[in-house]
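# Secondary and tertiary structure notes
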Amino acid sequence: MLPYTLRDAAQRFRRFAWCCALIGASLDAQDAALAQAAPPICMAATKADTGAVNAIGSYRSDAALIAADKGLFLARAADGAVTVTSARSDGNIGRVLAVYALKDGRALIGTESGLFEARQADDTLTLAKTAGDLQTGSAHLLHELPGIGILVGAEKGLFLAREQNGRFAVASSIFSGQVRDEIHDFLGRGVLVLTGGGWLLVRNSKGNITHEQLGGSGYLRGMRNFPGGALLETESHWFMVREE
């Protein structure tokens, strides 16, 4: 099964791969009705040598960013075909693991070499290391913490990236433990991050970042809002998170 982030991005990117052909010479009435209700969709292969794809993110209104083992790629649809071009960088960035598109046309990119910022000029996408002296190690998760910046899940913990003087920088370290491969919006109340010790709740409290270890284990299957709290379902059990 595809990871949550990859499934979500693939659904948003599927407009690049419409397939209108029905396979099979005959359909009975029920199959025909289903076909009319849900037009078939297929994936269109490209010739790009990306290696394994780790994440896909929407980019601007007509493109997608592909994070892959062989780098960062920009995919566009034109005249019924998909073109894929590689991004330029100053050096070897290693595998690209995560992408987060910003509203102004830039994007943050998580790689084996840390966090990078992507900018597009004409038809060329270029990568540059983010500012700041904090060393994150390999960066594999990116998620907005509303009103304050972008959370970066990395080899050396959880960090916050913020814009400073027109460039993004890794501004602070939030948590120094193991950050695993799952992160979710917590019903508008913060961000849930899966760590080696269970779920971590990160919040913006009037401009200050707070974090609380909630415990629990396993991947998140669902959430339900309740007055004063929320019910979380993980692989192993249900548990209630209450606000105090």
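Owing to the predicted nature of the structure, the values given are computational and were not obtained by experimental measurement. (Residues numbered from 1 in each chain as written. Predicted model: local features only at pLDDT ≥ 70, side-chain atom pairs only at ≥ 80, totals over all residues. Heavy atoms only, no water.)

## Observations regarding the overall build of the protein chain
- Along its length, the protein chain carries two helices and 20 strands.
- Expressed as a percentage of the 244 residues in the protein chain, the buried residues total 39%.
- Of the contacts formed within the protein chain by residues at least 6 apart in sequence, a portion of 40% connects residues at least 24 apart.
- As presented, the protein chain carries roughly 13,700 Å² of accessible surface, and 49% of it is formed by carbon and sulfur atoms. (Helix = DSSP H or I, 4+ residues; strand = E, 2+ residues; numbered from the N terminus. Buried < 20%, exposed > 50% of the residue type's maximum accessible area, 1.4 Å probe, protein only. Contact = heavy atoms within 4.5 Å. Areas by Shrake-Rupley, 256 points an atom, 1.4 Å probe, with all protein chains shown as cover.)

## Digging into the pattern of salt bridges
- This structure, assessed with the given rule, holds eight salt bridges.
- Its salt-bridge partner being Asp 69, residue Arg 95 comes within 2.9 Å of it at the nearest N-O pair. Separated by 26 residues along the polypeptide, Arg 95 in the loop between strand S5 (88-89) and strand S6 (96-101) and Asp 69 in the loop between strand S2 (63-68) and strand S3 (71-78) bring together distant segments of the chain.
- The class for Arg 95 is partly exposed, based on a relative accessible area of 33%.
- Between Glu 117 and Arg 119 there is a salt bridge, with the nearest N and O atoms lying 3.0 Å from each other. (Salt bridge = Lys/Arg side-chain N within 4 Å of Asp/Glu carboxyl O.)

## Side note on the packing of aromatic side chains
- By the definition in use, this model includes zero aromatic pairs.
- Between Lys 129 and the ring centre of Phe 116, over which it is positioned, the NZ or CZ distance is 5.5 Å.
- We note Arg 180 situated over the ring of Tyr 219; from NZ or CZ to the ring centre the distance is 5.7 Å. (Phe/Tyr/Trp six-rings, centres within 6.5 Å; stacked < 30°, edge-to-face > 60°. Lys NZ or Arg CZ within 6 Å of the ring centre and 35° of its normal.)

## Brief notes about the sheet that holds strand S12 (residues 157-164)
- Spatial ordering of the open sheet is given by S10-S11-S12-S13, a layout of four strands whose pairing is antiparallel. What marks the edges here is a single partner per strand, and that holds for strand S10 (139-145) and strand S13 (167-175). Adjacent strand axes in the sheet meet at a mean angle of 30° when their direction is disregarded. (Pairing = 2+ DSSP bridges. Axes fitted to C-alpha atoms, helices over the stretch in contact; angles between N-to-C directions.)

## Describing the side chain of His 184
- Mapped onto the secondary structure, His 184 falls in strand S14 (residues 179-185).
- Here His 184 falls in the buried class, since its relative accessible area comes to 11%.
- At 2.5 Å, the side chain of His 184 forms a polar contact with the side chain of Glu 182. (Polar contact = N/O pair within 3.5 Å; in protein donor to acceptor, adjacent residues only side chain to side chain.)

## Regarding the side chain of Thr 136
- Relative to the helices and strands, Thr 136 is located in the loop between strand S9 (124-129) and S10.
- The class for Thr 136 is buried, based on a relative accessible area of 4%.
- In this view, Thr 136 contacts Gly 114, Leu 115, Ala 154, Glu 155, Lys 156, Phe 159 and Val 170; residues no more than four positions away in its chain are not counted.

## Points about unusual backbone geometry
- Here Asn 165, not a glycine, exhibits a phi torsion of approximately 55°, which is positive.
- Position of Asn 165 relative to the elements: it lies in the loop between S12 and S13.
- Non-glycine residue Leu 187 carries a positive phi angle of around 55°.
- Turning to its location among the elements, Leu 187 is positioned in the loop between S14 and strand S15 (191-195).
- Owing to a relative accessible area of 30%, Leu 187 belongs among the partly exposed residues under this scheme.

No statement about biological role is implied by the geometric values presented.
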